[in-house]
Amino acid sequence: MRKILITGAAGFIGSHLSEYLFKTYKNTQFVLYDKITYAANKKYLNKIIKNKRVNFVKGDLLNFKLLQKNLRNVELAINVAAESHVDNSFGNSLLFTKTNTLGTHCFLEACRKENIKKIIHVSTDEVYGENLGKPFEEKQNLNPTNPYSASKAGADMLVNSYIHSYKMPIITIRANNIYGIRQYPEKLISKSIYSFIKKQKMTLHGRGENFRYYLSVHDFCTGVHIIIKKGKNKEIYNIASQKFYKVKNIVKIICDNFKINFTRNIIFVKDRPFNDKIYKINCKKLMNLGWKSKNDLEKEIPFICNWYKKNYKLFK
C-alpha cells in the first residue's frame, strides 16, 4: 500500500492507530490529518511525525479543498475524526452534527472525487441505542438516543447512501467505549484518574449503576488492521470486548490503584437527560476473520494511571 490518510490522527484513538499502522506498513507514506481541537495533541505523534514517510496536515474535515488535495494518490482513507464526548453533546449538539455528520459527508465526497479505492469510517456502538437483550449484530436498525450518537448515526446513513448511490468501497467499524493512554480527561476512566491525581473528587451520574463494555485501544487497532486485510468492502464490523462493568465499579478499581477510599472521593450528581443502561454488540463477524481481544482493563489500569501521573501537564 503506497499511501494512507488518517483523519483525527492527533487524537486519542487516531494517534494510536497512526502509530500502529506506521509500524505495520513499513514502506507506506502517511498523511496524518487533524484539526487539533482541545482533545488532540501533535505530541502524541512524536514517535513518528518527523519520519520522512509522514506528512502531518493541520486541517478541518470541513475544509473540503484541503482535504481533497491531501487525498490525492491515497489508497486507503480512514475517518477517525469526531467529537465524541456524550456529555458535551447535550450542551453543544450543533457542533457534533457539524463535525460528525457534515464532516463525514465532506470526507466521503472528497474520497469520491479522488476515487479512493478503500475507505474506513469509524463509528460507535452507541448508534444502535440501548440494549437490554441479545447483543446487536451489524444488521440491527439504528436507534440513537443522544445528540452524539445521533450525529454518528447520521454519518453512518451518509456512508450507506454513498455505498448504494456511488458503489463506493466503504467499511464501517462500530466499537465499544475505548480506553488507553492519551485520552482527554473527560471520559470516565481518564477523568477519574486525572481527578485523583489533582486531589479532586470524581463525579458520577445518578448512582453509577449503568453498565459499559470497555475495549483497549490496542485491541481496536488490531481489529482495524484485520479489517484492512480481510474485511469486505460495503460491510459493517463490530469490535467488542467481552467484559462489562458498572460505571461505579470502574472508578472503584481506579481508587484501589491510588489507594484511596471510594466513598470519600466520589460525588453523585444528577443524571444526564438520558443515559442508556447498557450497549451490547456481537462481534462474531470480526472474530471469524481471526480477531480477538487480548488486553484486560484491570491489568492495564496501573500503567494508564502512571502515564497520566507523568503527563498530566499535557491537559492544563
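Heads up: the structure comes first, above all this text.
These numbers come from a predicted model, not from an experiment. (Residues numbered from 1 in each chain as written. Predicted model: local features only at pLDDT ≥ 70, side-chain atom pairs only at ≥ 80, totals over all residues. Heavy atoms only, no water.)

Remarks on the pairing of strand S2 (residues 29-34)
Two faces, one strand: in a regular strand the side chains alternate between the faces of the sheet.
Next up, step 1: In terms of burial, S2 is a largely internal element, five of the six residues being buried.
Next up, step 2: Bridge count between strand S1 (residues 3-7) and S2: five bridges; the pairing is parallel. Counterpart to Leu5 in the pairing with S2 is Val31.
Next up, step 3: In terms of handedness, the path from S1 via helix H1 (residues 12-24) over to S2 forms a crossover that is right-handed. (Buried < 20%, exposed > 50% of the residue type's maximum accessible area, 1.4 Å probe, protein only. Helix = DSSP H or I, 4+ residues; strand = E, 2+ residues; numbered from the N terminus. Pairing = 2+ DSSP bridges. Right-handed = clockwise from strand over helix to strand, strands pointing away.)

Thoughts on unusual backbone geometry
Next up, step 1: Despite not being glycine, Ile36 has its phi angle at roughly 60 degrees, a positive value.
Next up, step 2: By the secondary structure assignment, Ile36 is in the loop between S2 and strand S3 (54-58).
Next up, step 3: Classification of Ile36 by relative accessible area gives partly exposed; the value is 27%.

Looking at the pattern of salt bridges
Next up, step 1: Throughout the structure, instances matching the rule amount to 10 salt bridges.
Next up, step 2: Across the pair Glu109 and Arg112 runs a salt bridge, and its minimum N-O distance is 2.6 Å. Taken together, the residues Glu109 and Arg112, both in helix H4 (residues 93-113) and three residues apart, mark about one turn of the helix.
Next up, step 3: A residue is classified by how much of its surface remains accessible, and Glu109, at 15% relative accessible area, is buried.
Next up, step 4: Among the residues examined, Arg112 registers a relative accessible area of 30% and is labelled partly exposed.
Next up, step 5: Among the ionic pairs, Glu209 bridges to Lys248, the shortest N-O distance being 2.6 Å. With Glu209 in the loop between strand S8 (202-205) and strand S9 (211-216) and Lys248 in helix H8 (residues 247-258), this pair connects stretches of sequence that are 39 residues apart.
Next up, step 6: Connected through shared salt-bridge partners, Glu209, Lys246 and Lys248 make up one network. (Salt bridge = Lys/Arg side-chain N within 4 Å of Asp/Glu carboxyl O.)

Let's talk about the packing of H1 against helix H7 (residues 217-230)
Next up, step 1: One way to put it is that H1 packs onto H7 with a least axis distance of 10 Å and a crossing angle of 55 degrees. It follows that H1 is oblique to H7 by the angle criterion. Crossing of H1 over H7 shows right-handed handedness. Facing Phe12, Ile13, His16, Leu17, Tyr20, Leu21 and Thr24 of H1, the residues of H7 in contact are Val217, His218, Phe220, Cys221, Thr222, Val224, His225 and Ile228.
Next up, step 2: In terms of residue class, the contact of H1 with H7 is made up of 10 nonpolar, five polar and no charged. (Axes fitted to C-alpha atoms, helices over the stretch in contact; angles between N-to-C directions. Parallel < 35°, antiparallel > 145°, perpendicular 65-115°, else oblique. Left-handed = near helix turned anticlockwise from the far one by under 90°. Contact = heavy atoms within 4.5 Å. Nonpolar A, V, L, I, M, F, W, Y, C, P; charged D, E, K, R; others polar.)

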